[in-house]
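Fold and contact review
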Amino acid sequence: MSKRLEDMTQQRTAKVQQLRQRGINPYPNRYTRTHTAQEAKALVEEGKVAPNAVYSVAGRIVAHRDMGKATFVDLQDGSGRIQTYFASEHIGLEKYEILHDLDLGDFVGVRGTLFRTRRGEITVNVSDFTILAKALQPLPEKWHGLVDVEKRYRQRYLDLISNQETKDIFVKRSHIIAAIRRFLEGRGFIEVETPVFQPVAGGARARPFVTHHQALDQDFYLRIATELYLKRMIVSGFDKVYEIGRIFRNEGISIKHNPEFTTLESYEAYADYNDVMAMLEEMVSCVAREVLGGMKVNYGDHALDFAPPWKRVTLSDAVQEYCSLDLDECLCDGGQRLRRAMEDKGMELDQTMSPAYLVDKLLSEFVEPRLIQPTFLLDYPADTTPLAKTKPDNPRIVERFEAFAAGMEFANAFTELNDPIEQAARFTQQEEWRARFGDEEAEHYQEDFITALEHGMPPTGGLGVGIDRLVMLLTNQQSIREVILFPQHKTKW
């Protein structure tokens, strides 16, 4: 803490003691307000103010203009800002003197009548006020513009106080998630909750976080996906289920990655990835229209159009177009040809990279950055997706798609593999890759899940959507940390 900030904190702490000496509790238990700031202003705008009616509003002091025996104070609550007018002749000199113990950042509640000033500003003419919380630390300099990026993330509450743009992002995020729920429930899906602690991490390629359960004396993994438990729900007889929840992956941090993030996963019985494609483009377009007022959004230098139908291109065609490689041919020998072809393109590889990892790296480097308008990338090599069903006419390809926009993947889906014998063989191959390549992200063998499949699961279409990335696209944010309230960062000691 700087010397200046320390002095300001001490001054504010001294004011707390002065208030207590006056018999004033600067931190009361509750306060009853009749209206929010926006509701009070609406009464005036709509001509609904009752004669001589007294209203009470409350909020944080964000502006303070002393004019001798009168003071204007702007209060801000969750709905917005309202001006208040304190006059010594209305509240008495003794009470008016208490204003000297108030600072920017303090919370107060006021009672009074509503009127417009000569400049037309809707204002509360204060007849009484109550201190609700004395802030010991000041708001950031020029409180309306906190620009230190690291401080904005570490102290998000200051960012939300200071920057209306930040608050708007998270209001829109809430509306986006609510709109997704309405869309899915309108199609007959029900929301369920599955375990965060799992005995075996599965459902995605990722390195998990490990924790220990003291009572059971057993290690558990924070879930890297909700997939395998949601498919158990399909086995149990539910036809349409979804979950919106936190996922944890022990991976790097970047503008597109945060170790803790939010996903939507949905599963629909008697559907395949074509049905899921149609549902996804309809859902995103509906959400954009409902929350933003239209299906066209600006993202950086790009003007994105989420109106259906979105472009569809197979992965092999995209690799051929952007990399001049025949992916099927490159994978026919276990990935060695693909490795050599990628090395010829100057990519740095090592022998621990499995074929699935190589394909993912190739896509990230050459294909994804070129997928600007909403695009479905279809039909992946079976080795890359052990939980997906193969195409009827080609057992080396699975019915999977990823959805991209502005060069960023934001959804992943496939026709779910429901053959327990084939699924067991795929898990076994993943374990072999884990041993051979040291691939920590390969799937583990999931015996209980195989047992569930052995009881029968109908044909199913599954979908995973990165909520954070979708919010990035719909709010024009280039970093995932801008759409996560409290992103991970290294602790300062």
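Here is what the cut-offs are and how they apply
- What you see as residue numbers is a count from 1 along each chain, following the sequence as written.
- This being a predicted model, a pLDDT of at least 70 is required before a residue's local features are given, and a value of 80 or more before pairs of side-chain atoms are given or counted; all residues contribute to the totals for chains, interfaces and linings.
- Side-chain measures here rest on the full set of heavy atoms in the structure, leaving out hydrogens and waters.
- Under the scheme used here, helices are H or I runs from DSSP no shorter than 4 residues and strands are E runs no shorter than 2 residues, and both carry numbers assigned from the N terminus.
- Throughout this description, buried means an accessible area under 20% of the type-specific maximum (1.4 Å probe, protein chains only), exposed means over 50%, and partly exposed covers the range between.
- Contact criterion: two residues are considered in contact whenever any of their non-hydrogen atoms come within 4.5 Å of each other.
- Computed with the Shrake-Rupley method and a 1.4 Å probe, the accessible areas treat only the protein chains shown as cover for residues.
- Charged-residue counts in this description rest on Lys and Arg as positive and Asp and Glu as negative, His and the chain ends being excluded.
- In this description, the location of a charge corresponds to atom NZ of lysine, CZ of arginine, CG of aspartate or CD of glutamate.
- Note on method: axes are straight lines fitted to C-alpha atoms, helices fitted across the in-contact stretch only, with angles between N-to-C directions ranging 0 to 180 degrees.
- An angle below 35 degrees is read as roughly parallel, one above 145 as roughly antiparallel, one from 65 to 115 as roughly perpendicular, and any other as oblique.
- The hand of a helix crossing depends on one turn: near helix anticlockwise from the far one by less than a right angle means left-handed, and clockwise means right-handed.
- The salt bridge definition used is simple: a Lys or Arg side-chain nitrogen within 4 Å of an Asp or Glu carboxyl oxygen.
- Residues grouped as a nonpolar core are buried Ala, Val, Leu, Ile, Met, Phe, Trp, Tyr and Cys residues, joined through side-chain atoms within 4.5 Å.
- When DSSP finds at least two bridges between two strands, those strands are taken to pair.
- Within 6.5 Å between ring centres, the rings of Phe, Tyr and Trp (the latter by its six-membered ring) count as paired, and their orientation is classed by plane angle as stacked under 30 degrees, edge-to-face over 60, tilted in between.
- Only Lys NZ and Arg CZ are tested; either one counts as a charge over a ring when it is within 6 Å of the ring centre and within 35 degrees of the ring normal.
- Whenever two N or O atoms come within 3.5 Å, that pair is a polar contact, provided that in protein one can donate a hydrogen and the other can accept it, and provided that, for residues adjacent in sequence, both atoms are side-chain atoms.

Let's shift gears to the overall build of the protein. Each helix and strand in the protein was counted, giving 16 helices and 19 strands. Oriented by its inertia axes, the alpha-carbon framework of the protein measures out at about 90 × 50 × 45 Å. Across the 493 residues of the protein, 51% fall into the buried class. Sequence separation of at least 24 residues holds for 65% of the intrachain contacts in the protein that already meet a minimum separation of 6. For the protein, the accessible area works out to roughly 23,900 Å², and carbon and sulfur atoms hold 49% of it. Averaging the positions of the 61 positive and the 74 negative side-chain charges in the protein gives two centres separated by 9 Å.

Between helix H8 (residues 227-236) and helix H15 (residues 447-454), the least distance of the axes is 9 Å, while the angle of their chain directions is 20 degrees. It follows that H8 is roughly parallel to H15 by the angle criterion. Read as a crossing pair, H8 and H15 show a hand that is left-handed. Across the interface between the two elements, Leu228, Lys231, Arg232 and Val235 from H8 touch Asp448, Phe449 and Ala452 from H15.

To continue, consider the pattern of salt bridges. Enumeration according to the criterion identifies 31 salt bridges in this entry. For the salt bridge of Arg152 with Asp159, the shortest nitrogen-to-oxygen distance reads 3.1 Å. Judged by its relative accessible area of 10%, Arg152 is buried. Between Arg182 and Glu290 there is a salt bridge, with its nearest N and O atoms 2.2 Å apart. In this pair, Arg182 is assigned in helix H7 (residues 164-186) and Glu290 in helix H9 (residues 273-292), connecting sequence segments 108 residues apart.

A separate point is the nonpolar core. Ranked by internal contacts, the top residues of the largest apolar core, which has 47 residues, are Ile180, Leu280, Phe306, Phe401 and Phe410. When neighbours within four sequence positions are excluded, Phe410 is seen to be in contact with Val284, Phe306, Trp310, Ala403, Phe404, Ala405, Gly464, Val465, Gly466, Arg469, Leu470 and Leu473. In this structure, Met353, Val359, Leu363 and Ala424 belong to the second largest nonpolar core, which totals 43 residues.

Ordered in space as E1-E2-E3-E5-E4, the 5 strands form a closed barrel in which the pairing is mixed. Between one strand axis and the next, the sheet turns through 55 degrees on average, direction left out of account. Each of strand E1 (55-66), strand E2 (70-77), strand E3 (80-87), strand E4 (107-116) and strand E5 (122-133) is contacted by helix H2 (residues 37-45), which is oriented at about 75 degrees to E3, the strand it contacts most.

Glancing now at the packing of aromatic side chains. Scanning the model with the defined rule gives 8 aromatic pairs in all. By the ring-pair criterion, three or more aromatic residues cluster together here, those being Phe306, Trp310, Phe376, Phe401 and Phe410. Above the plane of the ring of Tyr380 lies Arg400, whose end atom (NZ or CZ) is 4.2 Å from the centre.

The strand order E7-E9-E8 describes an open sheet built from 3 strands, whose pairing is antiparallel. Every other strand in the sheet has two partners, leaving strand E7 (197-198) and strand E8 (210-213) as the edge strands with one partner each. Across 4 bridges, the pairing between E8 and strand E9 (residues 218-222) is antiparallel. The partner of Val210 across the bridge, within E9, is Tyr221.

When you tally the buried positions in strand E17 (residues 394-405), you get 9 out of 12 residues, the bulk of the element. Relative to E17, strand E15 (residues 375-381) is paired through 6 bridges, and the arrangement is antiparallel. Note on E17: the bridge partner recorded for Thr375 is Phe404. Across 2 bridges, the pairing between strand E16 (residues 390-391) and E17 is antiparallel. For Lys391, the partnering residue across the bridge sits in E17 and is Asn394. Between E16 and E17, which pair antiparallel in sequence order, lie 2 residues. Pairing geometry for E17 and strand E18 (residues 408-415), over 6 bridges, is antiparallel. Paired with Glu402 across the strands is Asn412, a residue of E18. Joining the antiparallel neighbours E17 and E18 is a turn of 2 residues, in which Ala406 adopts a positive phi near 55 degrees.

Its place among the elements puts Asp468 in helix H16 (residues 467-475). Separated by 2.8 Å, the side chains of Asp468 and Arg173 make a polar contact. Setting aside residues up to four positions removed in sequence, Asp468 forms contacts with Arg173, Phe261, Thr262, Ile480, Val483 and Ile484.

Another point: the pairing of E3. In terms of burial, E3 is a largely internal element, 6 of the 8 residues being buried. Relative to E3, E2 is paired through 8 bridges, and the arrangement is antiparallel. Bridge pairing in E3 places Asp74 opposite Gln83. Between E2 and E3, which pair antiparallel one after the other, the connecting turn spans 2 residues.

Looking now at H8. Those residues of H8 lying buried are Glu227, Leu228, Leu230, Lys231, Arg232 and Ile234. As for H8, its buried residues are in contact with strand E10 (240-248), strand E11 (260-269), E18, H15 and strand E19 (460-466). Directly beyond the C-terminal end of H8, a positive phi value near 115 degrees is found at Gly237.

What follows concerns the side chain of Asp101. Within the secondary structure, Asp101 is located in the loop between helix H4 (93-97) and E4. The class for Asp101 is buried, based on a relative accessible area of 5%. Leaving out residues up to four positions away in the same chain, Asp101 has contacts with Lys15, Gln18, Leu19, Arg22, Asp106 and Lys134.

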